[in-house]
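Given next are the chains, with one letter for each unit.
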Amino acid sequence: MSELLRRFRYGLSYFALASLCALAMASQHAPRELGFAPRLVLNLTLPLERMVTVPVSELRGVWGDYVALVGVREENERLRGSLARAEEENHQYREAILSSERFQKLSGFRAQREIPMVPANVIHQDLSAWFQSLIIDQGAAAGIRPGMPVITDSGVVGLVSGTTPGASKVLLIVDPQSRVDAYVERTRARGTVRGNSGHEADFEYVLRQENIEEGDLLLTSGLGTVYPKGLVVGRVASVDRKTSGLFLSARIAPAVDFTRLEEVFVILEQRQIPDEEAFSAADEGLWPSAPKKPSEATASAAPPKPAPAAKPKPKTVPAPAAAPPAPTPPEALPEVIPGAPQPAAPAPEEPQE
Amino acid sequence: MSGLLRLVGVGLALLLAQALVHLMLPVAVQPDLVLVYALAMGLRGGGLQGLLLAFGAGFIEDVLSGSPPGLFALLCGTACAATRLLDRALYLRAAAPWATYVGVYALANFALCGLALKSFAPAAALPWELLVVRAPGSAVLTALCAAPLLGLFRRLLVEADRDGSWPVLATQSSRGRP
């Protein structure tokens, strides 16, 4: 027996390790704290890698800032024109904001909201060509938890997919595992932004008859469980109206340039995924006459779960890249946390402002 | 022991080089240096230590990327085992057959990556058209990078084998081979 094991130990070792890998892939759950081994690898390799990659990034910066300035004059002229237009638009927006403020005061609605955020530096970009993630220098010790959204002043970056005490892994919105529920600011057309592993993303599940044009701004709908409403996702780069089918397809240029990302903010508000009890309670509200099984009745009569423990109070920063409040578009397609169990019923609507 | 440490050092160096390549080259022509390392660990009859090093390199790549956990470890381990099987049959002792083998395997690796994702992590599955578009350029660059590294890998493997770096795990089959 031992001779047999010795003879086939290479094959047996391969199958054991390969099975472990396959199991790890298949049992990938929602974003979570990284285990001991990944933490160890991160702590050992990141300093080494920074020593090599930081000088290269600096060199690239020097090249981009001083050497590769061909065509700057034409661009300058174009930007001057854009600036003049933007100033005019800005004036109109200021007027609109003033009107909106008066409205809010009159109606006694909520004051301008401040969102608790933690600033962080990007210390590593994804090693593979297929996935899009980065690692930041703030982790669980700063109150960051898996599933929290990450943004910059330009727009949405992604969500925290794993944490260690001193670092966090961030899954970018251009990663193929990422889904963001978004809508077009101009026409309120709803859809799902899905990463395609490149520098752009796809805008999917948009009805073919919807009015979408190149340059349209996309905002998060706030209907999922990750991103607050009104954050800039990107602009429509191209629209493909197919001759058949229910949906059109559009390509999105993200608002954030992920290749030059250096600082980000992690929003420390984690929206809760509604549990089954919440959905069953909602069903009961909708269908009061529906017969209940005894087990279901017991489950729904159970006391509500206690609220999660209070997190350390971080400093609050006004939310960047947030567009003016907009009416909630109808019907929700929830955002997807990779690997997380998805609820079977639509998410409850947010209260109307 | 020093031979094994050198192999580990080369693996780390290739990981760092991979990070640099990712910064400097467009995605469609990025060589997969970690795959080259994993393939090389199966040369000369590939001992069990080679298999562990290949899985380890893949594991580090998993940690440092946004891939589903275990994907690159599985791919690297499979690459190492495949080289062990095909080493003698394909005469992977000269730069030309080695580079050709690496190029072809890099193409196959894209298909394996797609299959593994579809099978074990469908939520992270990559579209086939994307794989097809990126595979050729990346495979050619991987082969070109692999060719000059063959001599280094063979020398280090011979040294590791001679000084019995990992005697408990070393396979008998790898001894005495050219």
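Residues numbered from 1 in each chain as written. Chains lettered and ligands numbered in written order. Predicted model: local features only at pLDDT ≥ 70, side-chain atom pairs only at ≥ 80, totals over all residues.

Can you help me understand the overall build of chain A in this one?
When helices and strands are tallied, chain A shows six helices and 14 strands. Out of the 353 residues belonging to chain A, those deemed buried represent 31%. For chain A, long-range pairs separated by at least 24 residues make up 63% of all intrachain contacts whose partners lie at least 6 apart in sequence. (Helix = DSSP H or I, 4+ residues; strand = E, 2+ residues; numbered from the N terminus. Buried ≥ 20, exposed ≤ 12 C-beta atoms within 10 Å, placed from the backbone. Contact = placed C-beta atoms within 7 Å.)

Before we go on, may I ask you to explain the overall build of chain B in this structure?
Counting its regular elements, chain B contains seven helices and zero strands. Burial statistics for chain B: of 178 residues in total, 51% are counted as buried. Within chain B, residue pairs in contact and separated by at least 24 positions form 71% of the contacts whose partners lie at least 6 positions apart.

Can you walk me through the pairing of strand β8 (residues 190–195) of chain A in this structure?
Working note: regular strand, side chains alternate between the two faces of the sheet. Residues and elements named next belong to chain A. Where burial is concerned, most of β8 is hidden: six out of the six residues are buried. Of the two faces of β8, the one holding R190, T192 and R194 and the one holding G191, V193 and G195 are both buried throughout. Where β8 lies against strand β9 (residues 201–207), four bridges are found, and the strand directions are antiparallel. Of the residues in β9, the one forming a bridge with R194 is D202. Between β8 and β9, which pair antiparallel in sequence order, lie five residues; one of them, S197, sits at a positive phi of approximately 75°. (Pairing = 2+ DSSP bridges.)

Any chance you could explain helix α2 (residues 9–26) of chain A here in plain terms?
Given 3.6 residues per turn, any residue in an α-helix points the same way as the ones three and four places further on. The end-to-end C-alpha distance of α2 of chain A is 25 Å, a good match for the 26 Å that 18 residues give at a rise of 1.5 Å each. Taken together, the buried positions of α2 of chain A are Y14, L17, C21 and M25 of chain A. Considered in projection along α2 of chain A, the buried side chains sweep an arc of 85° and stay on one side of the axis. The exposed set on the far side of α2 of chain A, more than 90 degrees from its buried face, consists of A16 and S19 of chain A. Turning to α2 of chain A, the residues buried within the fold contact α3 (48–63), α4 (71–90) and α5 (95–120) of chain B. (Expected span 1.5 Å × (residues − 1). Arc of directions from axis to C-beta.)

Explanation requested: unusual backbone geometry in the structure shown.
For residues that are not glycine, phi is negative in most cases, and the peptide bond is trans in most cases. All names here are of chain A. If you check the backbone angles, R188 has positive phi at about 65° while not being a glycine. Along the chain, R188 falls in the loop between β7 (179–184) and β8. Judged by the 16 C-beta atoms lying within 10 Å of it, R188 falls in the partly exposed class. Positive phi, normally seen in glycine, also occurs at Y205, with a value near 60°. Counting through the fold element by element, Y205 comes out in strand β9.

Just checking my understanding: could you explain the interface of chain B and chain A for this structure?
A common way to express how large an interface is: the accessible area buried when the components associate. Facing the 39 residues of chain B at the interface are 42 residues of chain A. Within the residue set of the side of chain B that touches chain A, elements represented by two or more residues are α1 (2–24), α3, α4, α5 and α6 (128–146) of chain B. When its residues are assigned to classes, the side of chain B that touches chain A shows 26 nonpolar, eleven polar and two charged. (Nonpolar A, V, L, I, M, F, W, Y, C, P; charged D, E, K, R; others polar.)

Even after reading the chapter, I still don't get the packing of α4 of chain B against α5 of chain B, so can you show me in this structure?
To describe two helices that pack against each other, one gives the angle between their axes and the distance between the axes. Residue and element names in this part refer to chain B. For the pair α4 and α5, interaxial distance at closest approach is 10 Å and the crossing angle is 145°. Note on packing geometry: the crossing formed by α4 with α5 is right-handed. Residues L71, L74, L75, T78, A79, A82 and L90 of α4 form the contact with α5, whose own contacting residues are P97, Y101, Y105, N109, L112, C113, A116 and L117. Split by residue class, the contact of α4 with α5 holds 13 nonpolar, two polar and no charged. (Axes fitted to C-alpha atoms, helices over the stretch in contact; angles between N-to-C directions. Left-handed = near helix turned anticlockwise from the far one by under 90°.)

What is the right way to look at the sheet that holds strand β10 (residues 217–220) of chain A in this model?
Through backbone hydrogen bonds, the strands of a sheet pair up, either in parallel or in antiparallel fashion. Residue and element names in this part refer to chain A. Reading around the barrel, the six strands line up as β7-β8-β9-β12-β11-β10 and close back on themselves, with antiparallel pairing between neighbours. Taken pair by pair, the neighbouring strands of this sheet meet at an average axis angle of 40°, ignoring direction. Bridge count for β7 against β10 is three bridges, and the pairing is antiparallel. Residue A182 lies in a different strand from β10, and its bridge partner there is T220.

Looking at this structure, how should I read the nonpolar core?
Within soluble globular proteins, side chains that are nonpolar generally end up buried alongside one another. Formed by 114 residues in total, the largest nonpolar core has its most connected members in V233 and V266 of chain A together with V36, A38, A54, C76 and V102 of chain B. For this core, the element with the highest residue contribution is α5 of chain B, accounting for eleven residues. Setting aside anything within four residues of it in sequence, one finds V36 of chain B in contact with L14, V102, T142, C145, A146 and L149 of chain B. (Core = buried A, V, L, I, M, F, W, Y, C linked by C-beta atoms within 7 Å.)

Just to check I follow, could you spell out the confidence of the model for chain A for this structure?
Any region with low pLDDT has predicted coordinates that should not be read closely. Residues and elements named next belong to chain A. Of the residues in chain A, 68% have a pLDDT of 70 or more, and the chain-wide mean is 73. The secondary-structure element of chain A with the lowest mean pLDDT is helix α6 (residues 294–301), recorded at 39, while strand β6 (residues 168–172) shows the highest, at 90. Considering only residues more than four positions removed or in separate chains, one finds that residues 109–113, a stretch of pLDDT under 50, has two contacts. Overall, residues 315–334 carries pLDDT values under 50, and its contacts beyond four positions in sequence, including any with other chains, amount to 48 contacts. (pLDDT = per-residue confidence, 0-100.)

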